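Chain by chain, the residues run as shown.
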Amino acid sequence: MEEKTIVTSCSDRSSVITPPTVNILSIPIYARDIPSAVTLLLDVLQRAENEPVRCVSATSAHGLVTARQDPQFAATLRQFWLNLPDGMPLVWMGHLKGATAMRRCYGPDLFAALMKATAPLSAVRHYLCGGRPGVAEDLRDVCARKFGNLHVVGTSSPPFRPLTAMEFRALGAEIDQAAAHVVWVGISTPRQERFALELARFTRARLIITVGAAFDFHTGRVKQAALWMQQR
């Protein structure tokens, strides 16, 4: 297993714990579990206000296959501070490479875990970006009701088309005006990772985390597969 820092344009991580990773299809994938990932993210959130933004993905086999076929997308993932193993195939491959402590870091579960962990921390504010119109607003209510987190300070539903630089600048300004620390992006792979990396140029948030269908799952718009199916 490789223990190394991921090179990223999102941030200079010299003052932050180096995540343990294992290379899978030439992409560094986090080699631990959700509780330890939450500890890493909380460490980032406790840093000084001038810390640069760090991008985090919940990456599935689909994402890695896409990266294999698209060198530009592979380069995008390599620029993320942390790529979490969202699917069991990544975990199995990690185990074969010696990362025996690796566990699935499912995007919706990561979202729930960090929302719960920061619920008592009024100094950590969240911004929800994704889903069809109304989804992010419904998810804000879910965060309050289900996770006890009252610190969602903004929401947006970006258009399906690529945003212009002016639109990214306006979104970044809205996030910074709300003083958000964590931006959650719920779109789809590979669009959400490209979206997050571009948004990082326009905001002072600490973390931008891509979690795929987590918005739809937590608001009940899409039913999740049974747990036994998720583990296959």
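Quick look at the structure, then. What you are looking at is a predicted structure, and each value in this text was computed from that prediction instead of being measured. (Residues numbered from 1 in each chain as written. Predicted model: local features only at pLDDT ≥ 70, side-chain atom pairs only at ≥ 80, totals over all residues. Heavy atoms only, no water.)

Section: the overall build of the protein chain
- Each helix and strand counted, the protein chain has 10 helices and nine strands in total.
- A burial count over the protein chain gives 54% of its 232 residues as buried.
- Put simply, of all contacts in the protein chain between residues at least 6 apart along the chain, 76% involve residues at least 24 apart. (Helix = DSSP H or I, 4+ residues; strand = E, 2+ residues; numbered from the N terminus. Buried < 20%, exposed > 50% of the residue type's maximum accessible area, 1.4 Å probe, protein only. Contact = heavy atoms within 4.5 Å.)

Description of the nonpolar core
- With 35 residues, the main nonpolar core has Leu 128, Trp 184 and Ile 209 as its most contacted residues.
- Looking at this core, the elements that each hand over two or more residues are α1 (34-45), β5 (82-85), α5 (107-118), α6 (135-147), β8 (182-186), β9 (207-210) and α9 (214-218).
- It is α1 that contributes the most residues to this core, eight residues altogether.
- If sequence neighbours within four positions are ignored, Trp 184 has contacts with Leu 110, Phe 111, Leu 114, Met 115, His 126, Tyr 127, Leu 128, Cys 129, Ile 209, Val 211 and Phe 215.
- Counting residues in hydrophobic clusters, the runner-up holds 21 residues, among them Phe 80, Val 183, Phe 202 and Ile 208. (Core = buried A, V, L, I, M, F, W, Y, C linked by side-chain atoms within 4.5 Å.)

Some details on helix α7 (residues 165-177)
- Spanning 13 residues, α7 covers 18 Å between terminal C-alpha atoms, matching the ideal 18 Å at 1.5 Å per step.
- Every buried residue belonging to α7 is among Phe 168, Leu 171, Gly 172, Ile 175 and Asp 176, and all of these are buried. Down the axis of α7, the sector holding all buried residues measures 135 degrees, keeping them to one side. Those residues of α7 that are exposed and angled more than 90 degrees off the buried face are Met 166 and Gln 177.
- Residues of α7 that are buried sit in contact with β6 (126-130), β7 (152-156), β8 and α8 (191-199).
- Downstream of α7 by one or two residues, Ala 179 has phi in the positive range, about 55 degrees. (Expected span 1.5 Å × (residues − 1). Arc of directions from axis to C-beta.)

Observations concerning the pattern of salt bridges
- In the structure shown here, the tally under the stated rule is seven salt bridges.
- For Arg 104, the salt bridge is made with Asp 86, and the minimal N-O distance between the two is 3.9 Å. With Arg 104 in the loop between α4 (88-96) and α5 and Asp 86 in the loop between β5 and α4, the pair connects residues that are 18 residues apart, well separated along the chain. Judged on exposure class, the residue Arg 104 and its partner Asp 86 are both buried.
- Residue Asp 176 is joined to Arg 204 by a salt bridge in which the shortest nitrogen-to-oxygen separation is 3.7 Å. One end of the pair, Asp 176, is in helix α7; the other, Arg 204, is in the loop between α8 and β9, and 28 residues separate them in sequence. (Salt bridge = Lys/Arg side-chain N within 4 Å of Asp/Glu carboxyl O.)

Regarding the sheet that holds β5
- Pairing is parallel across the open sheet formed by six strands, whose spatial order is β5-β4-β9-β8-β6-β7. Bordering the open sheet on either side are β5 and β7, each of which pairs with just one other strand. For this sheet, the mean angle separating the axes of adjacent strands, direction not counted, is 15 degrees.
- By the bridge criterion, four bridges tie β8 to β9 in an arrangement that is parallel. Bridging from a neighbouring strand, Trp 184 pairs with Ile 209 of β9.
- On top of the sheet, α6 reaches β6 and β7; it is set at about 155 degrees to β7, its chief contact. (Pairing = 2+ DSSP bridges. Axes fitted to C-alpha atoms, helices over the stretch in contact; angles between N-to-C directions.)

As for the layout of surface pockets
- By volume, the largest pocket amounts to about 310 Å³.
- Grouping the constituent residues of the lining of the largest pocket by class yields six nonpolar, four polar and four charged.
- What lines the second largest pocket is a set of 17 residues, among which Ala 58, Asp 86, Val 211, Gly 212 and Ala 213 lie closest to the centre.
- Breaking the lining of the second largest pocket down by element, the ones donating at least two residues are β4 (54-59), α5 and α9.
- Of the residues contributing to the lining of the second largest pocket, the split by class is eight nonpolar, eight polar and one charged. (1 Å grid on protein atoms, 1.4 Å probe; cavity = no way out; pocket = protein on both sides within 12 Å on 5 of 7 lines; lining within 4 Å. Points joined across faces, edges and corners; volume = space filled by probe spheres on them. Nonpolar A, V, L, I, M, F, W, Y, C, P; charged D, E, K, R; others polar.)

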